[in-house]
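# Structural description and commentary
Listed here are the chains, written in short residue letters.
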Amino acid sequence: MYSTLVTHEELEPYSFNTQNFITQTAWELFIREPSFREEAIGRYIRLRNLMPQYLPPQEILANVLVAVGEIELGKSEAELGIRMGEAGGRLTPQSFWVLGETEKIYGNQDNAIKAFEKSIIHAEEAIIQYHGRWIRPDSSNKYDNRAYAFLVLAHQSLTLIYETIDIEKANFHLEKARKYAFNSNNVLLLDSRFQ
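Throughout what follows, the structure given in this document is the object of discussion. From a predicted model like this one, the values you see are computed outputs, not experimental measurements.

## Observations regarding the overall build of the chain
- In terms of helices and strands, the chain carries nine helices and zero strands.
- Reading the secondary structure of the chain in the N-to-C direction produces α-α-α-α-α-α-α-α-α.
- Taken over C-alpha atoms, the radius of gyration comes to 18 Å for the chain, in line with the 16 Å a tight globule of 195 residues would show.
- Viewed in the frame of its principal axes, the chain has a C-alpha envelope of about 55 × 45 × 35 Å.
- Residues classed as buried in the chain amount to 45% of the 195 residues present.
- Look at the contacts in the chain between residues 6 or more apart in sequence, and 56% of them connect residues 24 or more apart.
- Between the averaged position of the 20 positive side-chain charges in the chain and that of its 26 negative side-chain charges there is a distance of 4 Å.

Below, the structure is given as structure tokens:
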């Protein structure tokens, strides 16, 4: 199947939809077959390079790089996403969350906490902006916003940091993570012990 997609790619090599589909397929193959690791990373880099001025592919690339263990490269891509957001006046909860994860991996807890707190601030602001533009007060889809995922993840990450140094803060962030997870149908993002 993948070879058929790659053959189709030759017909429309610069189509974002084609590249996006092939990239997602390569990622799914990597999850099942680790030998696809380099192909999946390469596809995400190509997708980002196809649209270098767009923030979402940049943020996703940073996230993917950290997920596959390319921590330093993922950190630099997250920092680039943050700079892109600042230059364009865009909110970047995902980039700040990825940056926080890299700082946590490197043992820089203070920097990780700052990044997760910024992720929360950006996510909350993104939700306010989204609700102001698209959501009626009586709407049933008021939690249909990807920023909720980063509220869950950032609060959960803060829980994991604080559980060994400040149990009150850990409990506060755990309750926030659970609240956002259950209200926005992001329960699967929670660590199994927090569900």
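## Focus: unusual backbone geometry
- Here Asn-185, not a glycine, exhibits a phi torsion of approximately 60°, which is positive.
- Along the polypeptide, Asn-185 turns up in the segment after helix 9 (167–183).
- Note on Asn-185: relative accessible area 72%, which makes it exposed.

## Things to note about the packing of helix 8 (residues 147–162) against helix 9
- Where helix 8 meets helix 9, the axes come as close as 8 Å, and the angle between the chain directions of the two elements is 155°. In terms of their interaxial angle, helix 8 and helix 9 are classed as roughly antiparallel. Crossing angle aside, the handedness with which helix 8 passes helix 9 is left-handed. Between helix 8 and helix 9, the residues in contact are Tyr-148, Leu-151, Val-152, His-155, Gln-156, Leu-158, Thr-159 and Tyr-162 and Ile-167, Lys-169, Ala-170, His-173, Leu-174, Lys-176, Ala-177, Tyr-180 and Ala-181, respectively.
- When its residues are assigned to classes, the contact of helix 8 with helix 9 shows eleven nonpolar, four polar and two charged.

## A short note on the packing of aromatic side chains
- Under the defined criterion, the tally for this structure stands at four aromatic pairs.
- Seen from their ring centres, Trp-27 and Tyr-44 are 5.9 Å apart, and the 85° between their planes marks the pair as edge-to-face. With a gap of 17 residues between them, Trp-27 in helix 2 (residues 16–32) and Tyr-44 in helix 3 (residues 37–50) connect regions that are remote in the sequence. Pair check on accessibility: Trp-27 and Tyr-44 agree, each one buried.
- Ring plane angle 55° and centroid distance 6.2 Å describe the contact between Trp-97 and Phe-150, whose orientation is recorded as tilted. Here Trp-97, found in helix 6 (residues 93–105), pairs with Phe-150, found in helix 8; they are 53 residues apart in sequence, far enough to count as distant.
- On the basis of relative accessible area, Phe-150 is assigned to the buried category, the value being 6%.
- An aromatic cluster is present here, built from Trp-27, Phe-30 and Tyr-44 joined pairwise through their rings.

So, how was this worked out
Residues numbered from 1 in each chain as written. Predicted model: local features only at pLDDT ≥ 70, side-chain atom pairs only at ≥ 80, totals over all residues. Heavy atoms only, no water. Helix = DSSP H or I, 4+ residues; strand = E, 2+ residues; numbered from the N terminus. Rg over C-alpha atoms; globule rule 2.2 N^0.38 Å. Buried < 20%, exposed > 50% of the residue type's maximum accessible area, 1.4 Å probe, protein only. Contact = heavy atoms within 4.5 Å. Lys, Arg positive; Asp, Glu negative; His and termini not counted. Charge placed at Lys NZ, Arg CZ, Asp CG, Glu CD. Axes fitted to C-alpha atoms, helices over the stretch in contact; angles between N-to-C directions. Parallel < 35°, antiparallel > 145°, perpendicular 65-115°, else oblique. Left-handed = near helix turned anticlockwise from the far one by under 90°. Nonpolar A, V, L, I, M, F, W, Y, C, P; charged D, E, K, R; others polar. Phe/Tyr/Trp six-rings, centres within 6.5 Å; stacked < 30°, edge-to-face > 60°.

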